[in-house]
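Listed below, chain by chain, are the residues.
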Amino acid sequence: MLQFVLRRIAYAVPVLLGVSVVVFALVQLSPGDVVDIMVPPEASKEVAAALRKRYGLDEPIHVQYLLWLWHLLQGDLGTSIFTGQPVASELRGALLNTLKLAIPATLLGITLGIVLGTLAAHFNGTWLDKLFSATSIAGVSLPHYWVGIVLVAIFAVVLNVLPGQGMGPDGFPTSWEHIRHLILPVITMSLIPMGVVSRLVRASVLEVIGRDFVLTLHAKGLRGRRVLLHICKNAAPPVLAIIGLQFGYLLGGSALVETVFNWPGSGNLMMLAVFRRDAPVLSATIVVLAAIFVVINIVVDVLQALIDPRIRR
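A. Local environment of the overall build of the protein. A tally of regular secondary structure across the protein gives 13 helices and zero strands. Walking the protein from its N terminus toward its C terminus, one meets helices and strands in the order α-α-α-α-α-α-α-α-α-α-α-α-α. The buried share among the 313 residues of the protein stands at 41%. For the protein, the share of sequence-separated contacts (at least 6 apart) that also reach a separation of at least 24 residues comes to 73%. Accessible area of the protein: about 17,100 Å², with a carbon and sulfur share of 70%. Measuring between centres, the 23 positive side-chain charges of the protein sit 17 Å from its 17 negative side-chain charges.

B. Local environment of the pattern of salt bridges. Evaluated as defined, the whole model comprises two salt bridges. Across the salt bridge formed by aspartate 129 and arginine 202, the nearest N and O atoms sit 2.9 Å from each other. Here arginine 202 lies in helix H8 (residues 176–209) and aspartate 129 lies in helix H6 (residues 127–141), a separation of 73 residues in the sequence. Of the two residues, aspartate 129 and arginine 202, neither departs from the other in class, the shared state being buried. Linking arginine 180 and glutamate 177 is a salt bridge whose minimum nitrogen-to-oxygen distance equals 3.4 Å.

C. Spatial organisation of a nonpolar patch on the surface. A cluster of nonpolar side chains, Met1, Val295, Val299, Leu303 and Leu306, forms an exposed patch at the surface whose accessible area comes to about 410 Å². Tracing the backbone shows methionine 1 in the segment before helix H1 (2–29). Classification of methionine 1 as partly exposed rests on a relative accessible area of 34%.

D. The packing of aromatic side chains, seen in detail. Enumeration over the complete set of coordinates arrives at three aromatic pairs. Taken together, Phe24, Tyr65 and Trp68 form an aromatic cluster joined through their ring pairs.

E. Highlighting the confidence of the model for the protein. Considering every residue of the protein, the mean pLDDT works out to 81; 94% of them sit at 70 or more. Across the protein, the element-wise mean pLDDT spans from 66 in helix H2 (residues 34–38) up to 88 in helix H7 (residues 144–158).

F. Inspection of unusual backbone geometry at higher detail. Unlike most non-glycine residues, asparagine 160 shows phi in positive territory, near 55°. Following the sequence through the fold, asparagine 160 ends up in the loop between H7 and H8. Even without being glycine, asparagine 262 reaches a positive phi, approximately 50°. Structurally, asparagine 262 can be placed in the loop between helix H11 (255–260) and helix H12 (266–276).

G. Inspection of the nonpolar core at higher detail. Within the largest apolar cluster, 49 residues are counted, with the highest numbers of intra-cluster contacts made by Trp68, Leu77, Leu91, Leu101, Met189 and Phe261. Excluding anything up to four places from it in sequence, leucine 101 contacts Leu182, Pro185, Val186, Met189, Glu258 and Trp263.

H. Fine view of the side chain of lysine 100. As for its placement among the helices and strands, lysine 100 is situated in helix H5 (residues 87–122). Filtering out sequence-adjacent residues up to four positions away, lysine 100 remains in contact with Met167, Gly171, Pro173, Leu182 and Trp263.

I. Summary view of the side chain of serine 136. Take serine 136: it is sitting in helix H6. A polar contact of 2.5 Å, which involves the side chain of serine 136, links it to the side chain of serine 198. Apart from the residues lying within four places of it in its own chain, the contact partners of serine 136 are Leu116, Met194, Gly195, Ser198 and Arg199.

Definitions and limits used
- Residues numbered from 1 in each chain as written.
- Predicted model: local features only at pLDDT ≥ 70, side-chain atom pairs only at ≥ 80, totals over all residues.
- Heavy atoms only, no water.
- Helix = DSSP H or I, 4+ residues; strand = E, 2+ residues; numbered from the N terminus.
- Buried < 20%, exposed > 50% of the residue type's maximum accessible area, 1.4 Å probe, protein only.
- Contact = heavy atoms within 4.5 Å.
- Areas by Shrake-Rupley, 256 points an atom, 1.4 Å probe, with all protein chains shown as cover.
- Lys, Arg positive; Asp, Glu negative; His and termini not counted.
- Charge placed at Lys NZ, Arg CZ, Asp CG, Glu CD.
- Salt bridge = Lys/Arg side-chain N within 4 Å of Asp/Glu carboxyl O.
- Patch = residues over 30% accessible without salt bridge, like charges linked within 9 Å, V, L, I, M, F, W, Y side chains within 5 Å.
- Phe/Tyr/Trp six-rings, centres within 6.5 Å; stacked < 30°, edge-to-face > 60°.
- pLDDT = per-residue confidence, 0-100.
- Core = buried A, V, L, I, M, F, W, Y, C linked by side-chain atoms within 4.5 Å.
- Polar contact = N/O pair within 3.5 Å; in protein donor to acceptor, adjacent residues only side chain to side chain.

If you want it as structure tokens, here you go:
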């Protein structure tokens, strides 16, 4: 098992290195730079050149990349060109805010997805199967930012029972005031994981139910929970993989939902960095999110290997 874990970690190194190259190249090759925004049009070229030299923007691109990578390996994410604050502190706060949404949204989406998928497989071919499947497809098909806007219009504007903007008081969500601000964005973000997990659980459970070993279990006299336990164990590996992907997606792909609800998370930070052309913030945010995504997938692979030892081969 230790060799399997070390092998998965070794595979992650070139992936992260490739991500760093692609991210840095795309950010640097985009037209213009932050100095074009910081310096007014009437300023002299000498002022713009001095700023570019100060931030190392006048160096060749490969030198800029190697210096950025060297600092990154030392844990130095750089300084925001726009705010002058360390990128690490800005990113840490934004990630914590995103986690406040991503964790409950993932738990809600996964729970609903597993329940709906299992029920759809159990009632395969009936009207209940069609109802649960339609609910799952609706969750995947509806644009989540559009659902967020509709929820804000209904519950914040028309009914005025829940806040539609902001994250409420600072700190860990423990009070009702915190939870009120979480309800609408969490429901919005949980729809896609719910739909994806539900469809996969239904397909996996139906595929496992049709295997010979399930008939053998019934022939040996096993019933109810004991058969269901074997079915869930065999259906779990692909479901775990998709759960890991969905959690990583919520961490990095929630920019539109955070914009709708004015939530100061990592997606919102990336959007601001793009508009400000703040290359240090944008590059560091993407690389850190990619690293978290890789770590999540390594954890999922290890869990899959623990459930099904054949995966270690």
